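Structure assessment
Residues per chain, in single letters:
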Amino acid sequence: QVRLVESGGGLVQAGGSLRVSCVVFGRTISANAMGWFRQTPGKEREFVAAISWNGGSTVFADSVKGRFTISRDNGKNTVTLQMNSLKPEDTAVYHCAAGRFVLSPRDDAYDYWGQGTQVTVSS
């Protein structure tokens, strides 16, 4: 019943920007920390960013600090990841996840996952 739907992925040149969004259906996210993870074939799922239930706190992976921004709109049940200065290393499937009260970089802290949206950054 709970469904997370990502959108906004695509192909972009290195140095460009892209915004991916996630809409949650079936439950409100007002009490949930929300996170973004990315997955590349053959690699472990990697934490990207997370935001607390009220948007007051955020955390980013070192690899994306200063380039990515995470935000949320609880009224619209959405979370957004703004990606700037993209690098080829950012190429991955980006997954949205709904967590618990406290934000965390651990994937086991998240209960619901979206299907992912592909982000490809060309050289």
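Since this is a predicted model, take the numbers as computed values, not measurements.

A few words now on the environment of Ala92. Structurally, the position occupied by Ala92 is in strand β9 (residues 92-99). Relative accessible area serves as the criterion here: at 4%, Ala92 is assigned to the buried category. Separated by 90 residues in sequence, Ala92 and Val2 have C-alpha atoms that sit 24 Å apart. If we ignore the near neighbours within four places in the chain, the residues touching Ala92 are Arg38, Gln39, Thr40, Thr117, Gln118 and Val119.

Turning our eyes to something else, we now look at the pattern of salt bridges. Following the criterion strictly, the structure yields seven salt bridges and no others. A salt bridge links Lys65 to Asp62; the shortest N-O distance between them is 3.1 Å. Its relative accessible area of 64% is what places Asp62 among the exposed residues. A salt bridge links Asp90 to Arg67, with the shortest nitrogen-to-oxygen separation between them at 2.8 Å. With Asp90 in the loop between β8 (78-83) and β9 and Arg67 in the loop between β6 (58-60) and β7 (68-73), this pair connects stretches of sequence that are 23 residues apart.

Attention shifts here to the state of the cysteines. Applying the stated rule across the entire model yields one disulfide. In this model Cys22 forms its disulfide with Cys96; the gap between the sulfur atoms is 2.3 Å. On the sign convention where negative is left-handed, the bridge of Cys22 and Cys96, at about -80 degrees about the S-S bond, is left-handed. Of this pair, Cys22 sits in strand β3 (residues 18-25) while Cys96 is found in strand β9, placing the two residues 74 residues apart along the sequence. For Cys22, a relative accessible area of 0% corresponds to the buried category.

Conventions adopted
- Residues numbered from 1 in each chain as written.
- Predicted model: local features only at pLDDT ≥ 70, side-chain atom pairs only at ≥ 80, totals over all residues.
- Heavy atoms only, no water.
- Helix = DSSP H or I, 4+ residues; strand = E, 2+ residues; numbered from the N terminus.
- Buried < 20%, exposed > 50% of the residue type's maximum accessible area, 1.4 Å probe, protein only.
- Contact = heavy atoms within 4.5 Å.
- Salt bridge = Lys/Arg side-chain N within 4 Å of Asp/Glu carboxyl O.
- Disulfide = S-S within 2.5 Å.

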